[in-house]
Amino acid sequence: CIRRSSTGCWKRGARRCRAAPGALRAPAVDDASLESLHAACGALSDWRLAALQCATFECKSIALGFALVDGFLDAPAAEAAARVEENANIERWGLVEGAHDYDLARIQVQLASAAFFVAAADARN
């Protein structure tokens, strides 16, 4: 059983730990950055916004999502950038079959789909 005390400590059995301030929380974002992001997303068509959502989710980065949607990166380059840490861990510790290989196939399909969606939307206009 995990319990939180009034001091902010978490206790599980005999172990106690204290959450660091800001741990597991998104960093604060200033208003100007939020307005800029809102404007950038608002300028996208519904089709490009859907592709951005897919790319951002897979890359875990809105910067890489925008780079893919805006054509600065193709799907393989966005995938490579998104998987830098995971690839380093695979090189060090090895591939976990049924996990890393599935993740690689999934991200390839999703990013290729997002890139195709953008190209199809552009061809439609």
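That block above? That's the structure.
First, a word on scope: everything that follows refers to the structure included in this document. Quick caveat: nothing in here was measured; it's all calculated off a predicted structure.

Rules behind the numbers
- Residues numbered from 1 in each chain as written.
- Predicted model: local features only at pLDDT ≥ 70, side-chain atom pairs only at ≥ 80, totals over all residues.
- Heavy atoms only, no water.
- Axes fitted to C-alpha atoms, helices over the stretch in contact; angles between N-to-C directions.
- Helix = DSSP H or I, 4+ residues; strand = E, 2+ residues; numbered from the N terminus.
- Parallel < 35°, antiparallel > 145°, perpendicular 65-115°, else oblique.
- Left-handed = near helix turned anticlockwise from the far one by under 90°.
- Contact = heavy atoms within 4.5 Å.
- Nonpolar A, V, L, I, M, F, W, Y, C, P; charged D, E, K, R; others polar.
- Phe/Tyr/Trp six-rings, centres within 6.5 Å; stacked < 30°, edge-to-face > 60°.
- Core = buried A, V, L, I, M, F, W, Y, C linked by side-chain atoms within 4.5 Å.
- Buried < 20%, exposed > 50% of the residue type's maximum accessible area, 1.4 Å probe, protein only.
- Disulfide = S-S within 2.5 Å.

### Focus on the packing of helix H2 (residues 46-59) against helix H3 (residues 62-69)
The contact between H2 and H3 brings their axes to 8 Å, and the two run at 135 degrees. On the basis of the axis angle, H2 is oblique to H3. The handedness of the crossing between H2 and H3 comes out as right-handed. Contact residues: H2 offers Arg-48, Ala-51, Leu-52, Ala-55, Thr-56 and Cys-59, while H3 offers Ile-62, Leu-64, Gly-65, Phe-66, Leu-68 and Val-69. Taken together, the residues of the contact of H2 with H3 break down into nine nonpolar, two polar and one charged.

### Section: the packing of aromatic side chains
Tallied over the entire structure, the rule returns one aromatic pair. Ring geometry for Trp-47 and Phe-117: centres 5.5 Å apart, planes at 55 degrees, overall tilted. Separated by 70 residues along the polypeptide, Trp-47 in helix H2 and Phe-117 in helix H6 (residues 100-124) bring together distant segments of the chain.

### Observations concerning the nonpolar core
By size, the foremost hydrophobic cluster in this structure holds 16 residues, and its most contacted members are Leu-68, Val-69, Leu-111 and Ala-114. Elements supplying a minimum of two residues to this core: H2, H3, helix H4 (75-82) and H6. Take this core: its biggest share by element is five residues, from H2. Residue contacts for Leu-68: discarding those within four places in its chain leaves Ala-55, Leu-73, Asp-74, Ala-75, Ala-78, Leu-111, Ala-114 and Ala-115.

### A few points about the state of the cysteines
A complete count under the given rule lists zero disulfides for this structure. The structure places no disulfide on Cys-54, whose sulfur is separated from the nearest cysteine sulfur, that of Cys-59, by 8.9 Å. Among the residues examined, Cys-54 registers a relative accessible area of 16% and is labelled buried.

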